[in-house]
Protein chains: 2
Amino acid sequence: MIAQLKIVLIGSGNVATQLGTALKKCGCNIVQVYSQNQKHAAALSRKLKSNCTAVIENLVQTADIYIVAVKDDALPSVLAQINFQPKLIVHTSGTTSIAVFKAKFKNYGVFYPLQTFSKSNKINFKEVPFFIEASHQKVYQQIESTARLLSEKVFPSNSEKRKALHVAAVFACNFTNHMYAIANEILRKENIPFEVLLPLIQETANKVKTASPKLMQTGPAVRNDKEVIAAHKKYLQDSIDYKKIYTLVSQSISDFTK
Amino acid sequence: MIAQLKIVLIGSGNVATQLGTALKKCGCNIVQVYSQNQKHAAALSRKLKSNCTAVIENLVQTADIYIVAVKDDALPSVLAQINFQPKLIVHTSGTTSIAVFKAKFKNYGVFYPLQTFSKSNKINFKEVPFFIEASHQKVYQQIESTARLLSEKVFPSNSEKRKALHVAAVFACNFTNHMYAIANEILRKENIPFEVLLPLIQETANKVKTASPKLMQTGPAVRNDKEVIAAHKKYLQDSIDYKKIYTLVSQSISDFTK
């Protein structure tokens, strides 16, 4: 029998919440949650039936894996405050290089789930691609086997490739979501419920399962329907921001699909 | 028993193909397909077991409904060439006003399906919202009952509201698809298959079924993760176009979610 993995979560945001919940479900023991915000640490630790702390010096030192899921800007300062040598420490960032660990830690790596996490949404982790990088081969295997508890899709990736994945994910997820948000704003002004767009949003996401987005493009920009584009820009004239995005993205579609 | 509706399709693109196929399935008789491109007219008419013509003067004059599904730029010139008074004529455009029919036609309207149509994708029409406008009440009822053959979601909409719907749809569908296309380009350069993004794309589309896109936003821009944003811009420095979109949309997310 494999001993139960003891995990410390450093961070209490969306990624920490979703990973912690999923790892617990897979039989891991979340022994502690650290967050500099005591309330957030307590809230997540209640969910995970773990201990919690807001004092980084009080981190449990005997866990098998320390998962650092904090925003990238905060990562170096959090790592600087860890005053012992953990068995294994990983971060979950798409963009920060594995080199962030190099000066100070012995066994380390990256454990990057390519998915959008909110605290409340239900994620099917089996489908989430994990991209793994490690300080050395033995550590790679440990991280990989942890990822395989959650997902069927675990891949090696160096820091450069992972950054490309993250940039691509920002376009495919965050920017896409912002397009939804702008659409929502436009409809709100006309008292039209956002729900009317849901079949369209779903179909747009479905279509790219079977053909490339370039082949699947529709609408006035790819048709070069100049009068429609002019009418839409006029419609958006009071929303300078949206008009700029409309113009730039339409031009980009036109250049791209020529 | 209701007499079988006789329909003439003017246009042979994605919308004409999908609407024609769906209306035929619902028991309508597609009597003719017109396209100025003889090959396109013939291809669609074979699918629909209808006649076809590339000569607009040869339009069958006895159909119940003429559905004009051509690009908006071409709509006025196509209408100008129709040299008889049809029983009922509609267009399918989101943006062109119903007024395009006014000078020449007696019974007319708009029949706008809010969906993205490719020739090959399978659409569940029951879910597609149709927005209807008509020259007068009796015509409205005819158009509505035709739309109800296809869909459970049929709404009245004047031309101004319809334009807003179309602009919103461009953001939620065409621009979203372009974000997928850019993501695909970024991954292609790194030899990473687009498929790794599919669970993320699906989840992004799913999340907005239960909460507003504003609430569901994730990623570096909404977190104000400055170092990640700087790293991504640097990564994109050779793709001026993508970098511009990255900068503008990130700023817009930041302004929007503040």
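As shown above, the structure is provided for reference.
Residues numbered from 1 in each chain as written. Chains lettered and ligands numbered in written order. Predicted model: local features only at pLDDT ≥ 70, side-chain atom pairs only at ≥ 80, totals over all residues. Heavy atoms only, no water.

Engineer: For this particular structure, what's the right way to read the pattern of salt bridges?
Structural biologist: Where charged atoms from two side chains of opposite charge approach closely, those side chains can pair. In this structure the tally under the stated criterion is 16 salt bridges over all chains. In this structure, B:Arg223 engages A:Asp72 in a salt bridge whose closest nitrogen and oxygen atoms are separated by 4.0 Å. Separated into two different chains, B:Arg223 in helix α8 (residues 220-223) and A:Asp72 in the loop between β4 (65-68) and α3 (75-80) make up a pair that spans both. The class for B:Arg223 is partly exposed, based on a relative accessible area of 35%. (Salt bridge = Lys/Arg side-chain N within 4 Å of Asp/Glu carboxyl O. Helix = DSSP H or I, 4+ residues; strand = E, 2+ residues; numbered from the N terminus. Buried < 20%, exposed > 50% of the residue type's maximum accessible area, 1.4 Å probe, protein only.)

Engineer: Mind showing me how you'd approach the interface of chain A and chain B here?
Structural biologist: Where interface size is quoted, it is often the accessible area lost as the parts come together. Each partner contributes to the interface: chain A provides 92 residues, whereas chain B provides 92 residues. Summing both sides of the interface, chain A and chain B together bury roughly 8,500 Å²; the carbon and sulfur share of this comes to 68%. Seen at the junction of chain A and chain B, the total is 2 salt bridges. Between the two partners, chain A and chain B, sit 38 residue pairs in polar contact (both at pLDDT 80 or more). The set of elements that each furnish at least two residues to the side of chain A that touches chain B consists of α5 (159-189), α6 (198-207), α7 (213-216), α8 (220-223), α9 (226-235) and α10 (240-257) of chain A. With 27 residues, the single largest contributor to the side of chain A that touches chain B is α5(A). (Contact = heavy atoms within 4.5 Å. Buried area = accessible area lost by both parts, 1.4 Å probe. Polar contact = N/O pair within 3.5 Å; in protein donor to acceptor, adjacent residues only side chain to side chain.)

Engineer: Just to check I follow, could you spell out helix α1 (residues 14-25) of chain A for this structure?
Structural biologist: Note that an α-helix has 3.6 residues per turn; residues three or four places apart therefore point the same way. All names here are of chain A. When the terminal C-alpha atoms of α1 are compared, their 17 Å separation across 12 residues agrees well with the 16 Å that a helix rising 1.5 Å per residue should span. Burial in α1 covers these residues: Ala-16, Thr-17, Gln-18, Leu-19, Gly-20, Ala-22 and Leu-23. Positioned one or two residues after α1, Gly-27 has a phi angle of 100 degrees, which is positive. (Expected span 1.5 Å × (residues − 1).)

Engineer: Any chance you could explain the side chain of A:Thr176 here in plain terms?
Structural biologist: Note on placement: A:Thr176 falls in helix α5. In this structure A:Thr176 comes out as buried when scored by relative accessible area, which is 0%. Excluding residues within four positions of it along the chain, A:Thr176 makes contact with A:Phe171, B:Thr176, B:Met179, B:Tyr180 and B:Thr204.

Engineer: Whenever I open this one, the nonpolar core confuses me. Can you help?
Structural biologist: One recurring pattern in soluble globular proteins: nonpolar side chains tend to sit buried together. Ranked by internal contacts, the top residues of the largest apolar core, which has 118 residues, are A:Phe171, A:Leu197, B:Phe171 and B:Leu197. Dropping the residues within four chain positions of it, A:Phe171 is found in contact with A:Thr176, B:Met179, B:Ile182, B:Ala183, B:Ile186, B:Leu236, B:Tyr242, B:Ile245 and B:Tyr246. (Core = buried A, V, L, I, M, F, W, Y, C linked by side-chain atoms within 4.5 Å.)

Engineer: Sorry if this is basic, but what is going on with the pairing of β4(A) here?
Structural biologist: Within a regular strand, side chains alternate between the sheet's two faces. All names here are of chain A. Of the two faces of β4, the one carrying Ile-65 and Ile-67 and the one carrying Tyr-66 and Val-68 are both buried. Relative to strand β5 (residues 89-91), β4 runs parallel, the two being bridged by 3 bridges. Across the sheet, the residue bridging to Val-68 is His-91, located in β5. In the classification by handedness, the crossover that spans β4, the intervening α3 and the parallel β5 is right-handed. (Pairing = 2+ DSSP bridges. Right-handed = clockwise from strand over helix to strand, strands pointing away.)

Engineer: Sorry, what's going on with unusual backbone geometry here?
Structural biologist: Negative phi is the rule for most residues except glycine; trans is the rule for most peptide bonds. The phi angle at A:Asn191 is positive, at roughly 55 degrees, despite the residue not being glycine. You can see A:Asn191 is positioned in the loop between α5 and α6. The phi angle at B:Asn224 is positive, at roughly 55 degrees, despite the residue not being glycine. Checked against the element boundaries, B:Asn224 lands in the loop between α8 and α9 (226-235). Residue classification places B:Asn224 among the partly exposed positions, given a relative accessible area of 38%.

Engineer: Got a minute to help me understand the packing of aromatic side chains in this structure?
Structural biologist: Each aromatic ring pair is described using two quantities: the centre-to-centre distance and the angle formed by the ring planes. Residue and element names in this part refer to chain A. Counted under the stated rule, the structure contains 20 aromatic pairs over all chains. Judged by centre distance (5.5 Å) and plane angle (65 degrees), the ring pair of Tyr-66 and Phe-84 falls under edge-to-face. Here Tyr-66 is found in strand β4, whereas its partner Phe-84 is found in the loop between α3 and β5, with 18 residues between them in sequence. Here Tyr-66 matches Phe-84 in class, with each residue buried. (Phe/Tyr/Trp six-rings, centres within 6.5 Å; stacked < 30°, edge-to-face > 60°.)

Engineer: Would you mind going over the sheet that holds strand β7 (residues 130-134) of chain A with me for this structure?
Structural biologist: What links the strands of a sheet is backbone hydrogen bonding, and the strands pair in either a parallel or an antiparallel sense. Residue and element names in this part refer to chain A. Read across the sheet, 8 strands follow the order β3-β2-β1-β4-β5-β6-β7-β8 without closing on themselves; strand pairing throughout is mixed. With one partner strand each, in any of the chains shown, β3 (51-53) and β8 (154-156) form the two edges of the open sheet. Taking each pair of neighbouring strands and ignoring which way they run, the sheet shows an average axis angle of 25 degrees. Across 3 bridges, β5 lies against strand β6 (residues 108-113) in parallel orientation. Paired with Ile-89 across the two strands is Tyr-108, which belongs to β6. (Axes fitted to C-alpha atoms, helices over the stretch in contact; angles between N-to-C directions.)

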